[in-house]
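What the coordinates show
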Amino acid sequence: MTEINPITDASSGLNTETITVNVGIVFIDPSVSDHHSLMAGVAPGAEVFVLDSTRDGVEQITEVLAGRSGVSSVHIVSHGGPGSLQLGKGRLSLDTLNHHAPQLQTWFSPCSSTLHLYACNLAAGDTGAEFLTKLYQLTGASIAASVEVVGNLKQGGTWQLTAHRGTPTPEVVFDVSVTQYYTGVFALSFGPASKFGV
């Protein structure tokens, strides 16, 4: 099932009228385990969009943000690895940042905004650090990401995004039903044996 909804579907005809948003927007990649539980556990007041797995995720996020001004924070939940995010049918990575630069530069208006990236090991190592720096330069938003596994504590995960660029605003986007009881982690899988990289 394809969803991009507040809880809206980005592929189903977005309202082109500009909407002023003072709360967070959450984008969830459908490849993450039990994404419906994540949707249900988002803090009240935030818009939630589940990306279409058959389309490029950067393109979808760009379409949603184009109809909004004053967005204070964007949260992206997806599988990740050092310098790489799974978004829809494609990946946003150190190798593809230049390709997506024209879109990324439109995501935030000139205001204080924060991009929260919930993905395993995204900021780890030299590759992850360079990815964060370049993404920060392209978007103009402060960024919070992780050098560790993100998700279920028993699988070594955490919900703390400790790798920063700029001065990201601390914000809890998930309630305790997610942070205490969600069973998955957000690691990229490179082979067919494990769909969720666990």
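Heads up: the structure comes first, above all this text.
Here the structure is a predicted model, which means the values were calculated and not measured. (Residues numbered from 1 in each chain as written. Predicted model: local features only at pLDDT ≥ 70, side-chain atom pairs only at ≥ 80, totals over all residues. Heavy atoms only, no water.)

**Concerning the overall build of the chain**
Within the chain, the regular secondary structure consists of five helices and eleven strands. Within the span of the chain, comprising 198 residues, buried residues form 52% of the whole. Of the contacts formed within the chain by residues at least 6 apart in sequence, a portion of 70% connects residues at least 24 apart. Accessible surface for the chain amounts to roughly 8800 Å². Of this, 53% is attributable to carbon and sulfur atoms. (Helix = DSSP H or I, 4+ residues; strand = E, 2+ residues; numbered from the N terminus. Buried < 20%, exposed > 50% of the residue type's maximum accessible area, 1.4 Å probe, protein only. Contact = heavy atoms within 4.5 Å. Areas by Shrake-Rupley, 256 points an atom, 1.4 Å probe, with all protein chains shown as cover.)

**Considering the sheet that holds strand E5 (residues 73-77)**
Read from one edge to the other, the open sheet built from six strands follows the order E3-E2-E5-E9-E10-E11, with strand pairing classed as mixed. The open sheet has two edge strands, strand E3 (47-50) and strand E11 (163-165), and neither has a second partner. The average undirected angle you get between the axes of adjacent strands in this sheet is 15 degrees. Sheet analysis places strand E2 (residues 25-28) next to E3, joined by four bridges and oriented parallel. (Pairing = 2+ DSSP bridges. Axes fitted to C-alpha atoms, helices over the stretch in contact; angles between N-to-C directions.)

**Overview of the environment of histidine 116**
Position of histidine 116 among the secondary structure elements: in strand E9 (residues 114-118). As for histidine 116 and isoleucine 76, which are separated by 40 residues in sequence, their C-alpha atoms are 6.3 Å apart. Residues contacting histidine 116, with those up to four places away along its chain left out, are Ser73, Val74, His75, Ile76, Ala144, Leu161, Thr169 and Glu171.

**Observations concerning the layout of surface pockets**
The space that makes up the largest pocket amounts to roughly 290 Å³. Considering the residues around the largest pocket, the lining is formed by 15 residues, among which Tyr118, Trp159, Gln160, Leu161 and Glu171 are closest to the centre. Split into classes, the residues belonging to the lining of the largest pocket amount to nine nonpolar, five polar and one charged. (1 Å grid on protein atoms, 1.4 Å probe; cavity = no way out; pocket = protein on both sides within 12 Å on 5 of 7 lines; lining within 4 Å. Points joined across faces, edges and corners; volume = space filled by probe spheres on them. Nonpolar A, V, L, I, M, F, W, Y, C, P; charged D, E, K, R; others polar.)

**Digging into the pairing of strand E8 (residues 90-93)**
In regular strands, side chains alternate between the two faces of the sheet. In this sheet, E8 lies alongside strand E7 (residues 84-87) in antiparallel orientation, the contact comprising four bridges. In the strand pairing of E8, leucine 87 is matched with glycine 90. Counted along the chain from E7 to the antiparallel partner E8, the turn is two residues long, and its residue glycine 88 has a positive phi close to 65 degrees.

**Details of unusual backbone geometry**
Even without being a glycine, aspartate 34 presents a positive backbone phi close to 50 degrees. Backbone geometry places asparagine 121, a non-glycine residue, at a positive phi of 60 degrees. Relative to the helices and strands, asparagine 121 resides in the loop between E9 and helix H4 (125-139).

**Examining helix H3 (residues 97-104)**
Leu97, His100, Ala101 and Leu104 are the residues of H3 that are buried. Projected onto a plane normal to the axis of H3, the buried residues spread over an arc of 145 degrees and lie on a single side. For H3, exposure combined with an orientation more than 90 degrees from the buried face picks out His99 and Pro102. On its buried face, H3 sits against helix H2 (57-66), E8 and H4. (Arc of directions from axis to C-beta.)

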